[in-house]
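Tertiary structure, described
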Protein chains: 2
Amino acid sequence: MLESSQQSGQSLAQQVANKIESLIKEQRYKTGDKLPNEFELATELTVGRGTIREAIKLLAARNVVVIQRGKGTFVSKTPGITEDPLGLSFISDKKRLSSDLMDVRVMIEPEIAKLAAENATSEEVEQMEKICDEIATLIHANENHETKDIELHSAIAKSSKNVVVPSLIPIIQTAISLFINLTNRSLKEETIETHRQIVEAIKNKDGEAAKKAMQRHLGYNKEELNL
Amino acid sequence: MLESSQQSGQSLAQQVANKIESLIKEQRYKTGDKLPNEFELATELTVGRGTIREAIKLLAARNVVVIQRGKGTFVSKTPGITEDPLGLSFISDKKRLSSDLMDVRVMIEPEIAKLAAENATSEEVEQMEKICDEIATLIHANENHETKDIELHSAIAKSSKNVVVPSLIPIIQTAISLFINLTNRSLKEETIETHRQIVEAIKNKDGEAAKKAMQRHLGYNKEELNL
């Protein structure tokens, strides 16, 4: 099974990692599933347990699988998406990077809000409204709402039904919040208000209004963050 | 140096990998640089050579470094960007995926073409014109022009001076060409023509014309590829 790729100069562990990765891609093991243990994998793939262990480490380095000590190895919930998939942390000018990331959000998210207005289910809208309330509570309690903020934008992206953007938006938004200081935010009431306008427009299935509300929201953010 | 992260439950190899990664981020080793050999790294980081070897493999799995047999280990030209950073190959509906990827291109690339019109240098425009000619030659010779096509869109993205999009565009475009059959392309003269219109508008520093030309170009492609 593994002979042909031997010629490619890959180590045996890398070949075994590729094989396990294909089994995941063929849906034999699905997102969140526990993989068979080392012994079982070694028997099935006819290699030593040391090779299996090394292969699993390579897959964990790319977040294809997650090793939980004492529990076993599981298929990642976001397989193949590493913590910093676009290598953004290697770009040294963080101010410039944050500004350019925000520009990418401005290109993508208004169109995504429009698609969300066309495709969101009523359950998804309810969930968004709940997150809006939670963000308002956090802001009024002067607590950090960044995680919930990312959750809201991810929920909107997911409800658009585009299969790519729900991976992309949290990556970009998380990167911005990592690279710049978000503690000194002034326009908090505007955040609450513009979030609600976006969700309201999605609820009303008004694509153009959702798009414009998202543009306004990101416009406020860009200004507020001095980007 | 490595004690504090010991508590996080990471293996020693992973900690050493993180340390080498920080040295790269701090620009001690730059893109394309050769890393010190195993012995030197082991001495500096006061760990065994086996640990260094394992750490290097973890970094190679995420394309932070590239191991060239017999030559040494080098900092990747695109550090941290794996072959499939968005885990797209794990999405099983490839037709849907390709269509949604094309939608993301339609959101980003017209705005990027506009920025390119504002920011491209005359050398960059010359390079784009050269690639347009090469694509025309390939198409007329009935040869595959996909690599050159990606090169042109990447050159436009780079000339926009946004630091994020030049990583994003080739990822998306390569994924589309991987997942769908591009051999049966009909609108080849339109490809040549619309590419030239985009570059012409960038050359004339006409942002709106560049944006519209890119919209037309991607519109043709979307139709042509039946997405």
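Residues numbered from 1 in each chain as written. Chains lettered and ligands numbered in written order. Predicted model: local features only at pLDDT ≥ 70, side-chain atom pairs only at ≥ 80, totals over all residues. Heavy atoms only, no water.

Chain A carries the name FadR/GntR family transcriptional regulator in an unreviewed UniProt entry, which gives Carnobacterium maltaromaticum as its organism.

1. As for the interface of chain B and chain A
For the record, the criterion: Any two residues whose heavy atoms approach within 4.5 Å at even a single point are treated as in contact. Buried area counts how much accessible surface, traced with a 1.4 Å probe, disappears from two parts once they are put together, with both parts' losses summed. Salt bridges are defined by distance alone: a side-chain nitrogen of Lys or Arg within 4 Å of a carboxyl oxygen of Asp or Glu. Numbered from the N terminus, helices here are DSSP runs of H or I no shorter than four residues, and strands are runs of E no shorter than two. Residues are grouped as follows: Ala, Val, Leu, Ile, Met, Phe, Trp, Tyr, Cys and Pro are nonpolar; Asp, Glu, Lys and Arg are charged; every other residue, Gly included, is polar.
Facing the 46 residues of chain B at the interface are 46 residues of chain A. Overall, the association of chain B and chain A removes approximately 3600 Å² of surface from exposure, summing both partners, and the carbon and sulfur fraction of that is 68%. Looking only at chain B, the three residues that lose the most surface to chain A are B:Leu86, B:Phe90 and B:Met107, adding up to 20% of its buried area. Summed over the shared surface of chain B and chain A, the result is two salt bridges. One salt bridge connects A:Lys57 with B:Glu54, and the closest N-O pair in it is separated by 2.8 Å. At the level of secondary structure, the elements contributing two or more residues to the side of chain B that touches chain A comprise helix H2 (12-25), helix H4 (49-61), helix H5 (94-119) and helix H8 (165-179) of chain B. When residues of the side of chain B that touches chain A are assigned to their parent elements, the largest contribution, 11 residues, is made by H5(B). Classifying every residue of the side of chain B that touches chain A by side-chain character gives 23 nonpolar, 11 polar and 12 charged.

2. Details of the pattern of salt bridges
Note the cut-off: A 1.4 Å probe rolled over the protein chains alone gives each residue an accessible area, and that area as a share of the maximum for its type sets the label: buried under 20%, exposed over 50%, partly exposed in between.
Inspection of every chain in the model, using the stated rule, returns 34 salt bridges over all chains. A salt bridge links B:Asp133 to B:Arg196, with the shortest nitrogen-to-oxygen separation between them at 2.9 Å. Taken together, the positions of B:Asp133 in helix H6 (residues 122-140) and B:Arg196 in helix H9 (residues 188-203) put the pair 63 residues apart, joining distant regions of the chain. Taking the relative accessible area as the measure of exposure, B:Arg196 reaches 33% and is therefore partly exposed. Each of A:Lys130, A:Glu134, A:Lys148 and A:Glu151 takes part in one network of salt bridges that share partners.

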